[in-house]
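Each chain, written out:
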Amino acid sequence: MSSPAKGGGAPEEDLGARGEGVVEQGGRGTWRDAAFHVATTIATPAAYAPLPFAVASLGWPLGVCSLVIGTLVTWCSSLVVASLWQWNGEKHTSYRLLAKSIFGPWGYWYVSLFQQVASVGNNIAIQIAAGSSLKAVYKHYYTADDGAMTLQQFILLFGAFELLLSQLPDIHSLRWVNAICTASTIGFAGTTIGVTIYDGYRIDRKEVSYHLQGNTATKICRAFNALGTIAFSFGDAMLPEIQMRSSVREPVRSNMYKGVSAAYTIIVVSYWTLAFSGYWAFGSQVQPYILSSLTAPRWAIVMANLFAVIQIAGCFQIYCRPTFAHFEERVQAKNRSCRSSCLWRLMYTSAYMAAITLVCAAMPFFGDFVSICGAVGFTPLDFVLPALALLKTSKLPGNLGLQYAVKVPSSTVAVLFSIIGALACIGAIRSIALDVKTYKFFHDM
């Protein structure tokens, strides 16, 4: 066990800190590997799928503005975090250690808390999405009602597969999986966009409405929910971990800049196209999971669902690693044998997968978990903290005008997105409360 820091704070040692020796020996990953990991982490089907619904909940003007602002802020935030890789002369190999170095012990615990919320919440949402996609493929080939498999059974199958992948030691060992997942991301986006536009032309355009649905309270809460959904869609709460565990080679900062920018090129083209085409095609009636709105051609919808499952398989692994890191740190501190370490790994990964799968099966409310995860998990880490870190670490120029040019935008982002996160959380909690009243636990959605 690592000893507490002096002054009552974070542990002095972290799994990432012990990984510094690996990095110093020479990284293996290229900027392309970093791009694969970043794209796989952010651009999941669970991130794509609710965007048309989010735009529909805000309307055209506010929806477009929110999506563009979310893209620009998170891209800049990712570059800021990547630039702090060797801040203050130290290599910061986890987001927690970076925050501790900048803000002190409270930064360590701040990131630890919200990173766990983001990781667990994200994996609940994407496992529900994977189960829904598997069920959609199954129903394409099995149309009878008697003896049909339920959503909960598909969630269980996906959980068992993830338990197998969880036995791989680190993110770098998943690099080929994530390369396949990145290709699946492009396949999912291309197929879904194509089918969405195809369906849009088949539908009688006079029947498509773009008016916001519900009474005033419903409209306001759906708008709050949508802001949380957009935050979720751009969530990337583990960039330093990707830098370390994908072992990005020198120059690390330059390679991460390239990797982040390449990943965002894919993300921008696909996110914006799907969000706007989905809202255009189905209007206010678009479903929270866009694949549920598609009708034809059936073979293309099956392809899109299969791409979704493949991509989610890789993304799930990246987001479960921070939780596993807490257990691995303690196992390694006790210098256990390889066989004993593998047994412990099987035990804690099994416990994690059992807990996540149980929640997914009991409350398969995809849209609600996406929104609350974006509000409570990703907003503090991907919007607020990078802006504060920039203010804390920047060497401001002597010119007063240039100082304001750095301070005002950073402060505005930190304050504005703190408010947005709180509002989105309110909207998400209301939606979960309504769904729990409407549906029974373990409802086959």
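Residues numbered from 1 in each chain as written. Predicted model: local features only at pLDDT ≥ 70, side-chain atom pairs only at ≥ 80, totals over all residues. Heavy atoms only, no water.

### What about the overall build of the protein?
Check the secondary structure of the protein and you find 17 helices and zero strands. When each of the 445 residues of the protein is scored for burial, the buried share is 53%. Sequence-distant contacts, at least 24 apart, represent 85% of the contacts inside the protein between residues at least 6 apart. Summed over all atoms, the accessible surface of the protein reaches about 18,800 Å², with 67% contributed by carbon and sulfur. (Helix = DSSP H or I, 4+ residues; strand = E, 2+ residues; numbered from the N terminus. Buried < 20%, exposed > 50% of the residue type's maximum accessible area, 1.4 Å probe, protein only. Contact = heavy atoms within 4.5 Å. Areas by Shrake-Rupley, 256 points an atom, 1.4 Å probe, with all protein chains shown as cover.)

### Examining helix 5 (residues 51-58)
Of all eight residues making up helix 5, seven are buried, and the element is well covered by its neighbours. Burial in helix 5 covers these residues: Leu51, Pro52, Ala54, Val55, Ala56, Ser57 and Leu58. Where helix 5 is buried, its residues touch helix 4 (45-48), helix 6 (60-83), helix 11 (216-233) and helix 13 (252-282). Taken from the residues just after helix 5, Gly59 is the one with a positive phi, measuring 90°.

### Here we look at the nonpolar core
As a rule of thumb, soluble globular proteins bury nonpolar side chains together. Core analysis: the biggest nonpolar cluster contains 78 residues, and Tyr271 and Phe316 have the highest contact counts within it. Per element, the largest residue contribution to this core is 13 residues, and it comes from helix 14 (residues 298-333). Contacts of Tyr271, omitting those with residues within four sequence positions, involve Ile42, Ala43, Ala47, Tyr48, Leu51, Ser233 and Phe234. (Core = buried A, V, L, I, M, F, W, Y, C linked by side-chain atoms within 4.5 Å.)

### Comments concerning a nonpolar patch on the surface
Together, Leu343, Trp344, Leu346 and Met347 give the surface a local cluster of nonpolar side chains, amounting to about 380 Å² of exposed area. In this fold, Leu343 is placed in helix 15 (residues 338-362). (Patch = residues over 30% accessible without salt bridge, like charges linked within 9 Å, V, L, I, M, F, W, Y side chains within 5 Å. Salt bridge = Lys/Arg side-chain N within 4 Å of Asp/Glu carboxyl O.)

### Notes on the side chain of Ser293
Looking at the secondary structure, you find Ser293 in the loop between helix 13 and helix 14. At a separation of 2.9 Å, a polar atom in the side chain of Ser293 contacts the main-chain amide nitrogen of Gln287. Beyond its immediate chain neighbours, meaning those up to four positions away, Ser293 contacts Asp199, Phe282, Val286 and Gln287. (Polar contact = N/O pair within 3.5 Å; in protein donor to acceptor, adjacent residues only side chain to side chain.)

### A short note on the packing of helix 3 (residues 31-42) against helix 10 (residues 175-202)
It is the contact of helix 3 with helix 10, at a shortest axis distance of 9 Å, that shows an interaxial angle of 60°. With respect to their mutual orientation, helix 3 and helix 10 come out oblique. Relative to helix 10, the crossing made by helix 3 is left-handed. Along its contact with helix 3, which presents Phe36, His37, Ala39 and Thr40, the element helix 10 presents Arg175, Asn178, Ala179, Cys181 and Thr182. Classifying every residue of the contact of helix 3 with helix 10 by side-chain character gives four nonpolar, four polar and one charged. (Axes fitted to C-alpha atoms, helices over the stretch in contact; angles between N-to-C directions. Parallel < 35°, antiparallel > 145°, perpendicular 65-115°, else oblique. Left-handed = near helix turned anticlockwise from the far one by under 90°. Nonpolar A, V, L, I, M, F, W, Y, C, P; charged D, E, K, R; others polar.)

### Thoughts on the environment of Leu97
With respect to the secondary-structure elements, Leu97 resides in helix 7 (residues 95-103). The buried category is assigned to Leu97, whose relative accessible area is 12%. It is 8.4 Å that separates the C-alpha atoms of Leu97 and Gly107, two residues lying ten residues apart in sequence.

### Thoughts on helix 16 (residues 366-393)
In an α-helix, one turn spans 3.6 residues; hence positions three or four apart end up facing the same way. For helix 16, built from 28 residues, the straight-helix expectation of 40 Å at 1.5 Å per residue is met to within 8% by its first-to-last C-alpha distance of 38 Å. Its axis deflected by about 60° at Phe378, helix 16 carries its strongest bend there, up to four residues before the proline Pro380. Most of helix 16 sits inside the fold, with 21 of its 28 residues counted as buried. (Expected span 1.5 Å × (residues − 1). Bend = angle between axes of the 7 residues up to and from the residue.)

### Comments concerning the environment of Gly194
Mapped onto the elements, Gly194 comes out in helix 10. For Gly194, a relative accessible area of 37% gives the class partly exposed. Taking C-alpha positions, Gly194 is 9.3 Å from Ser277, a pair spaced 83 residues apart along the chain.

Take it as geometry only, folks, not as evidence of what the structure does.
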